Amino acid sequence: MNIQVRIKEIRTEFDSEFSACLSLEDFNNLQRKYLSRKGIVASLFKEIPKLSADEKRSAGKHLNVLRKSVEEKISEAIQSFQKKKKIDLSMDVSLPGTPEIYGNKHILSQVMDEINSIFNEIGFSVETGPEVETDFNNFSSLNFPENHPARDMQDTFFITKDVLLRTHTSSVQIRVMMDKEPPLRFISPGRVYRNEAINARSHCMFHQVEGLYVDKNVTFAELKGTVEYFCKRFFGKDVALRFRPSFFPFTEPSAEVDISCFLCGGSGCRVCKHTGWLEILGCGMVDPNVFKSVGFDPEKITGFAFGMGVERPAMLKYGITDIRMFWENDIRFLHQF
Ligand code: PHE
């Protein structure tokens, strides 16, 4: 048979055998079959001397091309197998996997979500305002006199004479009342700032949830009912409440609300300082001067407001003993909740 035809046939055979190889052993066998000293390619070369001078030149050329391409294909395949083998050897499939670490909501966000949802259920929407506030929204319009001690540099972080970091979320009351007409019923959760020394119990940055209800004929009884409903939902249905007369420039009358200590059941413990009560919240009926400052007629419009910290109830509920832990971003602390 013509040698050129043989070369072509062998090429086709090789290609189909090559694509049928599945293992390193298959490739090694193929290499032996085609490229060893007694292999197919060598046996073809042995036939060259029998050919005519013309045929010799062309057959030699084609055989070299065949040998080269067979060599390249096989050695490439073997190399890639060896590489894979190396990776396989370096991997111990019996070792346990690396666990994925999932984040979770910060405990303060969880507590605020819970507070929000309790109030949402009884018809309070959520309003927010900026942490950088005007003196007007934070103090003046809330009936703080010009020389009130809360305005002192010792208590408030001022940015300029009239701009400050809000000291309470009551500033959102003003923003919303300036913007909307009664009836209004909302809470406003958010971050507040006070120029206080940082220790286990107090921080210069914390959270509050404010509440405001403004309508005709709003009564103190409704305030009491709302606060009581919230406390029983949040702290447990067995807590008792105590309203103590208090003072805030923006409410009149004002009260502070204590709940019976749910840790000792009211008998007295370290957390409630042996009083049996925990102070939770400030509240009162909106002062007529506040309504005047936002352009509402205090003869027609009434309302109640309340404000509570978030950190303290969270600490009580979850037994957290140091307020600074909220800000340390220690994953061991955060992952507990
Ligand atoms: N703003 C008050 C505070 O920061 C809390 C409060 C809000 C009291 C609303 C009465 C009514 O302590």
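What comes next concerns the included structure. Keep in mind the model is a prediction, meaning the values are calculated, not measured.

### Structural notes on the overall build of the protein
Part 1 of the argument: When you go through the protein residue by residue, the secondary structure sums to 11 helices and 9 strands.
Part 2 of the argument: For the protein, the C-alpha radius of gyration of 41 Å lies well beyond 20 Å, the compact-globule estimate for 337 residues.
Part 3 of the argument: Scored against the burial criterion, the 337 residues of the protein give a buried share of 40%.
Part 4 of the argument: Nonlocal contacts in the protein, meaning residues at least 24 apart in sequence, comprise 65% of its contacts between residues at least 6 apart.
Part 5 of the argument: Here the protein has roughly 19,200 Å² of accessible surface; of this, 54% comes from carbon and sulfur atoms.
Part 6 of the argument: One way to put it: in the protein the 44 positive side-chain charges average out to a point 12 Å from where the 45 negative ones average out.

### Considerations on the sheet that holds strand β6 (residues 241–248)
Part 1 of the argument: Read from one edge of the open sheet, 7 strands run β1-β4-β5-β9-β8-β7-β6, paired in mixed fashion. Edge positions in the open sheet fall to β1 (125–126) and β6, since each of these has one partner strand only.
Part 2 of the argument: Where strand β4 (residues 184–193) meets strand β5 (residues 205–215), 10 bridges bridge the pair, whose relative direction is antiparallel. When the bridges of β5 are listed, F186 appears paired with L212.

### Let's talk about the environment of T226
Part 1 of the argument: Along the chain, the position of T226 falls in helix α8 (residues 220–235).
Part 2 of the argument: Since its relative accessible area comes to 12%, T226 is described here as buried.
Part 3 of the argument: Placed 80 residues apart in sequence, T226 and F306 show a C-alpha to C-alpha distance of 9.9 Å.
Part 4 of the argument: Excluding anything up to four places from it in sequence, T226 contacts F119, I122, F124 and F304.

### Quick notes on α8
Part 1 of the argument: Compared with the 22 Å implied by 1.5 Å per residue over 16 residues, the 22 Å span of α8 between its first and last C-alpha is a close match.
Part 2 of the argument: Looking at α8, one finds that the buried residues are L223, T226, V227, F230, C231, F234 and F235. Projected down its long axis, α8 carries its buried residues within an arc of 130°, all on one side.
Part 3 of the argument: Turning to α8, the residues buried within the fold contact α5 (107–121), β6, β7 (251–260), β8 (277–286), β9 (302–309) and α10 (311–318).
Part 4 of the argument: Positive phi shows up at G236, right after α8, with a value of about 125°.

### Some details on unusual backbone geometry
With the exception of glycine, most residues fall at negative phi, and the peptide bonds are largely trans.
Part 1 of the argument: For the bond from P182 to P183, the omega torsion is 0°, close enough to zero to count as cis.
Part 2 of the argument: Here the bond from E252 into P253 is cis, since omega is -5°, no more than 30 degrees from zero.
Part 3 of the argument: Residue placement: P253 occurs in strand β7.
Part 4 of the argument: Phi angles above zero are rare outside glycine, and N217 is one such case at about 55°.
Part 5 of the argument: Residue placement: N217 occurs in the loop between β5 and α8.
Part 6 of the argument: You will see that K273, though not glycine, has its phi angle at about 50°, which is positive.
Part 7 of the argument: In this structure, K273 sits in the loop between β7 and β8.
Part 8 of the argument: Take K273: its relative accessible area is 62%, and that puts it in the exposed class.

### Considering the packing of α5 against α8
Part 1 of the argument: Following both chains from N to C, one finds α5 and α8 inclined at 135°, their axes separated by 10 Å at the closest point. One finds that α5 runs oblique with respect to α8. Both α5 and α8 take part in a crossing whose hand is right-handed. Note on element contacts: α8 touches α5 through T226, Y229, F230, R233 and F234, opposite V111, E114, I115, I118, F119 and E121.
Part 2 of the argument: The class makeup of the residues in the contact of α5 with α8 is 7 nonpolar, 1 polar and 3 charged.

The rules behind these values
- Residues numbered from 1 in each chain as written.
- Predicted model: local features only at pLDDT ≥ 70, side-chain atom pairs only at ≥ 80, totals over all residues.
- Heavy atoms only, no water.
- Helix = DSSP H or I, 4+ residues; strand = E, 2+ residues; numbered from the N terminus.
- Rg over C-alpha atoms; globule rule 2.2 N^0.38 Å.
- Buried < 20%, exposed > 50% of the residue type's maximum accessible area, 1.4 Å probe, protein only.
- Contact = heavy atoms within 4.5 Å.
- Areas by Shrake-Rupley, 256 points an atom, 1.4 Å probe, with all protein chains shown as cover.
- Lys, Arg positive; Asp, Glu negative; His and termini not counted.
- Charge placed at Lys NZ, Arg CZ, Asp CG, Glu CD.
- Pairing = 2+ DSSP bridges.
- Expected span 1.5 Å × (residues − 1).
- Arc of directions from axis to C-beta.
- Axes fitted to C-alpha atoms, helices over the stretch in contact; angles between N-to-C directions.
- Parallel < 35°, antiparallel > 145°, perpendicular 65-115°, else oblique.
- Left-handed = near helix turned anticlockwise from the far one by under 90°.
- Nonpolar A, V, L, I, M, F, W, Y, C, P; charged D, E, K, R; others polar.

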